[in-house]
Amino acid sequence: MIDAPQTLSLILILGSALGLAWLISPYLARVYRRTPSRFDRVLIPIEHGIYRLLGVDSGHVMGWKEYFLAGVLVNVVQMALAFLILTSQGFLPLNPQGFPGLSWDLSFNTVVSFATNTNLQHYAGESSLSYLSQMTAIQFLQFTSAATGMCMGIAMVRGFVVGSKDMGNFYVDFVRTLTRILLPFCFIAALLLVALGVPQTLGGYTSVTTVEGATQSILVGPVASLVAIMQLGTNGGGYFGANSAYPFMNPSQITDILEIGLMLLLPTALLFVFGELLGKKREVRPFLIGAYGLFIIDLAIAFIPTTPLGLGIETRIGGFMSAFWTVVTTAVTTGSVNTTLVAMHPLVILSAFMGMLIQATPGGKGVGLMYMMMYIIITVFVVGLMSGRTPEYLGIKITSRDVKLVMLAFLVHPIIILIPTVVAYASGAVAAIGLGGGAVGFTQVFYEFTTSAANNGSDFLGTLANTPFFNVSTAMVILVGRYAPIGILMALGGSMIGRKRSVVSGLKTESFTFSIVLIGTILVLVVLTFFPFLALGPILSYFQGNVNGFG
Amino acid sequence: MENSKPNYRPVVGLAVLSLVICGLLFPLAITGIAQVILPFQANGEIVQLNGHSVGSSLIAQGFNSPKLFHARASNQSASGVDPDIPLSDALLQVPRISSATNIPSTTITSIVNGNVEGTIWIFGSPYVNVLKLNLILIEANPTVYQNLTF
């Protein structure tokens, strides 16, 4: 259990993140509405220069298919560019340590993982990636995957806005997300991180002689610029293999709290942006109460045990903040870790699973919003069935096609998590990397595919999973887990355009009661779907008495 | 909506341009600014003793001498390079250092207590930075530690 000061610190951190998210949400909404702003004098010439260079007509509007396809194609070319850089880094500049190119399967896994906001890492950056790769493969994709997720989420919302005729223009949204949100926010965050001790240099690793005469290599690099976007963009892939446990990525208690705040900021702000764009701020309530209600349930599960400072936990961070970070990072599917997952109590891991399986607590930026919309439509449908009335959301009649779409989107995850987990065991791939069949090994393999499907990225296996089977299978799971639900939910948003709306809404989705029903529906859906696997993994591990984590 | 097929120019152009802006211009700009205004932090907080670089205050070293504070063993932390130890661990090491150096344990204890980090109001629990403590001890007692240093 947690004590009073810890509870107060939780309330303060979450309260500040929520408050800040609320404060920036009108600005974000203006970016996507293309409302004139005071930054236009500087940014409009730059943006128009970019549109001219790319041959983009900024007045052109897209339907959901064109918008989605444009995003996917841009992502594919970005993956190809990063793939070329990773495989040929040995011949490229900014490689003071002289690292050779990565294998094709590891490069494939890495670019797929980063271009989709997953950031599953089967490599350790400090011992395998050049500065150029860290910048132009890893950090580059962290920016673009974040921008892609935000654009898709916003485009889906546009479909629900009264009187909307289109989904917007992907290229324009993408450019404006970078120039007006991600780059300026990361600029501030990166310099703040440097001031607090995160390195930012292109000089090679520094060699020092210790007071005892030993030689030590200090592994520096362009770390701060990467950490800013990895947390703010809910990416999670670290510069170092130890991720945010490594002191250069997270030097103190202050940076730990700052980075938790960065993770929560955009996913939460986008919930408010939904209300802004819709013009009905009360409709944010089910999103917000649903997301944070479930998040508090996750926290309650994680804090049943106390996590003391011990093996696998950093002194400056401590057990409490390590467990808290583990819940936050899975709730927003960032996937950065400031501890070793094996040090975490099975109940903390169970809570992490909940975050990744629900994906909307509040989930990744943009995508979390889409998943919560999916759950809301399902709940509206279920409530409609129970009350015997035609299900309506925002005055729009929910048709059987809508319900089929959201159920399809929901079913993607069980399929791509449960089947590959079984295949990994049946094919001998698990035994090949020396993992057993007990609750501990099962949890680690189940976690690997869950984190891939949820585009989260933290994992137990790390470089252990750098085998062709895991590199390719997780990459496939990542691709389907990212693009299938987004595509389906874009189709849902697109189908809302031009629909008739009734003036008197039967179901009050802004009511507190609806939010409670929503939370219940999500829990029933997710827990029923995944319970057998959760029972064989973290729950069994808990009852086997692994109280000090997964040894 | 007349043209519903995305053509290749914006697709390839946007991919390349985003690489240049996000992957090159952004980190290079941050590097340039950080190197000018925050060079100590930007280069990894390298600390010096008598003009020599002896380590980073953020990265642990495996001190072995009984005259110095020892860090956690490398496999005990998540990073393997945890530079800090809990205050209680530091205080446990005071008698050993005192008997190896003949520095009064009260002096060492007061150095430890004077360099506690990690708590801000209600957040965190007290810890000390091992390298920082050792450098304070060495600088205050150059003769005791002369065999260790350059």
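Residues numbered from 1 in each chain as written. Chains lettered and ligands numbered in written order. Predicted model: local features only at pLDDT ≥ 70, side-chain atom pairs only at ≥ 80, totals over all residues. Heavy atoms only, no water.

## Regarding the overall build of chain A
Reasoning step 1: A count of helical and extended segments in chain A gives 18 helices and four strands.
Reasoning step 2: Along the first, second and third principal axes, the C-alpha set of chain A runs to 80 × 60 × 50 Å.
Reasoning step 3: Across chain A, contacts joining residues at least 24 apart in sequence account for 79% of those joining residues at least 6 apart.
Reasoning step 4: As displayed, chain A offers around 17,500 Å² of accessible surface, 70% of which is attributable to carbon and sulfur atoms.
Reasoning step 5: With 26 positive and 21 negative side-chain charges, chain A shows a separation of 16 Å between the mean positions of the two kinds. (Helix = DSSP H or I, 4+ residues; strand = E, 2+ residues; numbered from the N terminus. Contact = heavy atoms within 4.5 Å. Areas by Shrake-Rupley, 256 points an atom, 1.4 Å probe, with all protein chains shown as cover. Lys, Arg positive; Asp, Glu negative; His and termini not counted. Charge placed at Lys NZ, Arg CZ, Asp CG, Glu CD.)

## Focus: the nonpolar core
Buried together is how nonpolar side chains tend to be arranged in soluble globular proteins.
Reasoning step 1: Judged by nonpolar contacts, the single largest core of 218 residues is most densely connected at A:Phe160, A:Phe170, A:Leu182, A:Phe324, A:Tyr375, A:Tyr393 and A:Met490.
Reasoning step 2: In terms of residue count, the dominant contributor to this core is helix α6 (residues 131-160) of chain A (17 residues).
Reasoning step 3: When near neighbours in sequence (up to four residues on either side) are disregarded, A:Tyr375 contacts A:Leu357, A:Ile358, A:Ala360, A:Phe410, A:Leu518, A:Ile522, A:Leu525 and A:Val526.
Reasoning step 4: B:Phe63, B:Ala90, B:Leu133 and B:Leu137 belong to the second largest nonpolar core, which has 25 residues in total. (Core = buried A, V, L, I, M, F, W, Y, C linked by side-chain atoms within 4.5 Å. Buried < 20%, exposed > 50% of the residue type's maximum accessible area, 1.4 Å probe, protein only.)

## Let's talk about the packing of helix α10 (residues 284-302) of chain A against helix α18 (residues 512-543) of chain A
All names here are of chain A.
Reasoning step 1: Here α10 crosses α18 at 50°, and the two axes come no closer than 9 Å. Relative to α18, the element α10 is oriented oblique. Viewed along their axes, α10 and α18 form a crossing whose handedness is right-handed. Here Arg285, Pro286, Ile289, Gly290, Gly293, Leu294 and Ile297 of α10 lie close against α18, whose contacting residues are Phe512, Phe514, Ser515, Leu518, Ile519, Ile522 and Leu523.
Reasoning step 2: Here the contact of α10 with α18 is built from residues that sort into 10 nonpolar, three polar and one charged. (Axes fitted to C-alpha atoms, helices over the stretch in contact; angles between N-to-C directions. Parallel < 35°, antiparallel > 145°, perpendicular 65-115°, else oblique. Left-handed = near helix turned anticlockwise from the far one by under 90°. Nonpolar A, V, L, I, M, F, W, Y, C, P; charged D, E, K, R; others polar.)

## Here's the deal with the interface of chain B and chain A
Reasoning step 1: Taken together, the contact between chain B and chain A spans 74 residues of the former and 78 residues of the latter.
Reasoning step 2: Taking both sides of the interface into account, the surface hidden between chain B and chain A amounts to around 6,000 Å²; carbon and sulfur atoms contribute 73%.
Reasoning step 3: There are zero salt bridges connecting chain B and chain A.
Reasoning step 4: Viewed at the interface, chain A and chain B are joined by 23 residue pairs in polar contact (both at pLDDT 80 or more).
Reasoning step 5: Every element with two or more residues in the side of chain B that touches chain A is listed here: α1 (8-37), α2 (39-42), β1 (46-49), β2 (52-56), β3 (84-86) and α5 (130-140) of chain B.
Reasoning step 6: Within the side of chain B that touches chain A, the residues separate by chemical class into 43 nonpolar, 25 polar and six charged. (Buried area = accessible area lost by both parts, 1.4 Å probe. Salt bridge = Lys/Arg side-chain N within 4 Å of Asp/Glu carboxyl O. Polar contact = N/O pair within 3.5 Å; in protein donor to acceptor, adjacent residues only side chain to side chain.)

## What about the environment of B:Gln93?
All names here are of chain B.
Reasoning step 1: Tracing the chain through its elements places Gln93 in helix α3 (residues 87-101).
Reasoning step 2: Between the alpha carbons of Gln93 and Lys67 there is a distance of 9.7 Å; along the sequence they are 26 residues apart.
Reasoning step 3: Setting aside anything within four residues of it in sequence, one finds Gln93 in contact with Leu68, Phe69, His70 and Ile85.

## Re the environment of A:Gly506
Residue and element names in this part refer to chain A.
Reasoning step 1: Within the secondary structure, Gly506 is located in the loop between α17 (468-495) and α18.
Reasoning step 2: Linking Gly506 and Gly384, residues 122 residues apart in sequence, is a C-alpha distance of 9.6 Å.
Reasoning step 3: If near-sequence neighbours (up to four positions away) are discounted, Gly506 is found in contact with Arg389 and Glu392.

## Observations concerning the pairing of β1(B)
All names here are of chain B.
Reasoning step 1: Note that β1 and β2 share four bridges and pair antiparallel. Following the sheet pairing, Gln48 is matched in β2 by Ser53.
Reasoning step 2: Hairpin connection, β1 to β2: the antiparallel pair is bridged by two residues, and Asn50 has positive phi, about 50°. (Pairing = 2+ DSSP bridges.)

## A few points about helix α11 (residues 318-331) of chain A
Reasoning step 1: With 14 residues, α11(A) extends 20 Å between its outermost C-alpha atoms, agreeing within 8% with the 20 Å of an ideal straight helix rising 1.5 Å per residue.
Reasoning step 2: α11(A) sits mainly inside the fold: 14 of its 14 residues count as buried. (Expected span 1.5 Å × (residues − 1).)

## Here's the deal with the confidence of the model for chain B
Reasoning step 1: Averaged over all residues, the pLDDT of chain B is 92; the fraction at 70 or higher stands at 95%.
Reasoning step 2: Across the interface, the model reports ipTM at 0.94; the global pTM reads 0.96. (pLDDT = per-residue confidence, 0-100.)

## Regarding the side chain of A:His60
Residues and elements named next belong to chain A.
Reasoning step 1: Within the element layout of this structure, His60 appears in the loop between α2 (40-54) and α3 (64-87).
Reasoning step 2: When its relative accessible area of 14% is taken as the criterion, His60 is described as buried.
Reasoning step 3: At 3.0 Å, the side chain of His60 forms a polar contact with the side chain of Glu66.

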